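# Notes for the structure review
Here is how the chains run, residue by residue.
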Amino acid sequence: MMSGAPAVRVSIESSCERQVQEVSLDGLETYAPPLSMSQNLAKLAQRIDFGQSSDEDEDGPERDSREQWSKPEAEEDEGMVKFQPSLWPWDSVRNNLRSSLTEMCVLHDVLSVLKDKKYMTLDPVSQDPSVGKTPQVFQLLSKKKSLATAAQLLLRGAEKLTKSVVENQEQRRQRDFNSELLRLRSQWKLRKVGDKILGDLSYRSAGSMFPHHGTFEVIKNTDLDLDKKIPDDYCPLNVQIPSELEGSAYIKVSIQKQSPDIGDLGTVNLFRRQAKAKPGSQMWHLKLEAAQNVLLCKEIFAQLSREAVQIKSQIPHIVVKNQIISQPFPGLQLSISLCHSTGEKKNQRASPDKSKPDDHLYVLEHNLHQLIREFHKQTLSSVVMPHPASAPFSHKRLRMAGPMAYDKAEISSLQQSEGLLEKIIKQAKHIFLRSRTARTIDSLASRIEDPQIQAHWSNINDVYESSVKVLITSQGYEQICKSIQLQLNIGVEQIRVVHRDGRVITLSHQEQELQDFLLSQMSQHQVHAVQQLAKVMGWHVLSFSNHVGLGPIESIGNASAITVASPNGEYAISVRNGPESGCKVLVQFPRSQAKELPKSDVVQDGKWTHLRGPYKEVHWGRMEGRNFVYKMELLMAALTPCP
Amino acid sequence: MEAPPVSVMPVTGGAINMMEYLLQGSVLDQSLESLLHRLRGLCDNMEPESFADHELVYLLKGQQGNPFLLRARRSLLHPPAPWHLRYLGQPEVGDKSRLALVRNCVDVSASHGLPEVLNEMGFRMDHEFVAKGQLFRKGGMKVVVSKLSRVLVPGNTENTEPLSLSYLVELSVLAPAGQDTVSEDMRSFAEQLKPLVHLEKIDPKRLM
């Protein structure tokens, strides 16, 4: 090989992977027999281009230098096989071998030159003694300088890092905005106008006809001051709502007894505590919901005030500023006011709120919301598609009116429909009547202990009607004295009383009527109780009257009376009970026991002793016993002879 | 409560002269679905209403001039619904720049004895057809997508044959005369339906 270098043997062998010639159907693989050495050589030899040197495509100077170094091997070089590089598979191996050989040769030459010491000697480099003696100041300076360079490098790296972090955050915020927008889009109507994103928070699609546009704008909130800490409730998306929809609002419905001074009108300003944000809901969502609520409240109020002006009632409804005043019953005032706070002034106004009792009727407020939604639904559903399709959009009943030859009354009956205000006034009347009935019954029950009065209110009511069952009983005698059971159906204007026996009495909304009625019922109850008791005790009822025509006239109802006779007929008890005059109990003694009775000359016969004697009044207040019926039982027991 | 829309005021009194603003177009049966889908998205928030109507066109031939034409329509899906009698005037001439076809229109709902009354009056039935399709609404605009079928045996609406392989699409508004904003609204709505359907102002006289 090359000069002086020992011949190195490199054995090269192809991998003995045999080629698969075919795979038979049963999976047996038939291999192609491997090429024999000579065949292989022949195959390789076919690819050799003898006319081209592999060195030719190498750089000129390099070749020159090598030729310089390898002059002695010129003959052998010529004998070397020239290859066509790209065609031969071992080309790279050959090239690498060749270059390593060149390197080795160079190394060998250098070493031999050094070894001979004919041309060149190697000496250790003498250290400059002055270096070790550099003054300390200089050393310090140089150290400082190098440290500064290092620090600069580090700083530059840190800057790069922070920049990339900020960029990342910026990108994330951008992404956050888009995802927030997507969430907004899933809950609110949005549309793009120019380069703005506008949303719709009105109830128009639900059937509202309120003219307010109710649009909001979506704002990107990504340009934050990066140095400052990002607040916890930061949201990349913000919404801007119209200024008139800001803050919170509600409709206040209250019923007052006496009308306040006219100067107080229209200045209702009561604000509720702001509802706390639910965790997990976005700021924009709360803001939009609040704005939508404000819009709805405004719509309700606008609708109510429009109706208040349109509807002709005996006592006109008054609309002043943010308040509508109506008189459902004489001396009673229903006020509906729109309370809208814009947020900032809330604190100042909250204080007078607390001093006043909260007479806000939440039920009516809720019902107003319900009514306006029903109204919306009605406007949506009232527009039915015409059939046949060519007919114009209009109410079906109006299309029917001509062909069916409706008269004016029929048409107006079809069109009649109550407004929001009428409905809410009716509801308010009912609520008022109900609460006053309850109060009347309660006050009677607490004032009068005997007989007892019980009220069973039904849980489920209509907005215009509720019912209560009133039982009048005597304590300890509930089982035998069940004569008075009243069903009070409280309506809007009046109360219908249904007796157990089916009699129906209609009472007006006046409180006194109900009270008087109940008082007379209670008085009747006592007499009924005596009747029931007499049955149990074996006494005989001689006479019974719910409405006695004799005696002093009661201012409320009529007195009732009963006379019962003892089982053997000797004694009789007569009871007269009036709602006002109270009860009077008389006992009739047998003639025989009446000592003070003058002996008559005419009635001498013994049989006459069986005639009834005179009556004596019982000092009822002094009777023992906790209530009327108990006292009566004791009296009856005392007058019943022992067997 | 029931603020009556303008269209329910009596038109026979002559107080308000109602006009029909109309744009028409057609789609092939294959592309009907995508058009309905688009309409569902664009129109008011309600489900499209299917309808099937039977229309009878009556003519009254006078001594001279054009015959007088009335259209009587009844709903096949809602037999108790009143009949609808309609007079459509000639399209307003002049004003080429107007965006929609405008013609006089009188709508009357009628009882079920309408054909007899018309016959007694001297009207003769010219032709009849059955229209089936969907009805959409956007505000005051009415969009009718319907398939017209020929009635093979007079009076028998069961036995019909489609007139063509396409659906008729009509966009119409009823409004008092001289409301140009109406036709602008219609045009912008029609613009949104492109390229599914091209609604255009088509003069029926040209087609005759």
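As recorded by an unreviewed UniProt entry, chain B carries the name Mediator of RNA polymerase II transcription subunit 18 and is attributed to Phoxinus phoxinus. For the record of chain B, the UniProt heading Subcellular location (unreviewed entry) holds the text "Nucleus".

An unreviewed UniProt entry lists chain A under the name Mediator of RNA polymerase II transcription subunit 17, from Phoxinus phoxinus. Its UniProt record gives chain A the following Subcellular location (unreviewed entry) comment, quoted word for word: "Nucleus".

What follows deals with the overall build of chain A. Regarding its fold elements, chain A presents 14 helices and 20 strands. In chain A, which comprises 643 residues, the share counted as buried stands at 34%. Within chain A, contacts between residues at least 6 apart in sequence are counted, and of these 59% link residues at least 24 apart. Accessible area of chain A: about 40,900 Å², with a carbon and sulfur share of 55%.

Let us now look at unusual backbone geometry. In this chain, His387 of chain A is followed by Pro388 of chain A through a cis amide linkage whose omega measures -5°. Turning to its location among the elements, Pro388 of chain A is positioned in the loop between α9 (362-382) and α10 (396-401). Omega for the peptide link from Lys194 of chain B to Pro195 of chain B comes to 0°, which places this bond in the cis form. Of note in the backbone geometry, Lys321 of chain A takes a positive phi value of approximately 45° without being a glycine.

Membership of the largest hydrophobic core comes to 70 residues, with the highest contact counts inside it found for Leu184, Phe216 and Ile336 of chain A. Considering every element that reaches this core, the biggest residue donor is helix α7 (residues 283-310) of chain A, with eleven residues. Those residues in contact with Ile336 of chain A, other than ones at most four positions away along the chain, are Ile251, Lys252, Val253, Phe301, Leu304, Asn322, Gln323, Ile324, Leu368, Leu421 and Ile424 of chain A. One finds Leu23, Leu35, Ala100 and Val182 of chain B within the second-largest nonpolar core, a separate group that totals 28 residues.

Residue and element names in this part refer to chain A. Residue position: Gly538 is located in the loop between α13 (511-537) and β16 (540-545). Taking the relative accessible area as the measure of exposure, Gly538 reaches 32% and is therefore partly exposed. In sequence terms Gly538 and Asn568 are 30 residues apart; their C-alpha atoms lie 9.6 Å from each other.

Turning to the packing of aromatic side chains, a few remarks are in order. Given two aromatic rings, one states the distance between the centres and the angle between the planes to describe the pair. For the coordinates displayed, the defined rule picks out six aromatic pairs over all chains. Taken together, a centroid distance of 5.9 Å and an interplanar angle of 80° make the contact between Tyr571 of chain A and Phe589 of chain A edge-to-face. Of this pair, Tyr571 of chain A sits in the loop between β17 (560-565) and β18 (572-578) while Phe589 of chain A sits in strand β19 (residues 582-590), placing them 18 residues apart in sequence. Looking at Tyr571 of chain A, the relative accessible area reads 10%, which means it is buried. Given the relative accessible area of 25%, Phe589 of chain A is considered partly exposed. Ring geometry for Phe68 of chain B and Phe123 of chain B: centres 6.2 Å apart, planes at 50°, overall tilted. A residue pair is termed long-range when its members are at least 10 positions apart, and Phe68 of chain B in strand β3 (residues 68-75) and Phe123 of chain B in the loop between α2 (114-121) and β6 (124-138) qualify at 55 residues.

Rules of the game
- Residues numbered from 1 in each chain as written.
- Chains lettered and ligands numbered in written order.
- Predicted model: local features only at pLDDT ≥ 70, side-chain atom pairs only at ≥ 80, totals over all residues.
- Heavy atoms only, no water.
- UniProt positions renumbered as here; feature names shortened; annotations may be inferred.
- Helix = DSSP H or I, 4+ residues; strand = E, 2+ residues; numbered from the N terminus.
- Buried < 20%, exposed > 50% of the residue type's maximum accessible area, 1.4 Å probe, protein only.
- Contact = heavy atoms within 4.5 Å.
- Areas by Shrake-Rupley, 256 points an atom, 1.4 Å probe, with all protein chains shown as cover.
- Core = buried A, V, L, I, M, F, W, Y, C linked by side-chain atoms within 4.5 Å.
- Phe/Tyr/Trp six-rings, centres within 6.5 Å; stacked < 30°, edge-to-face > 60°.

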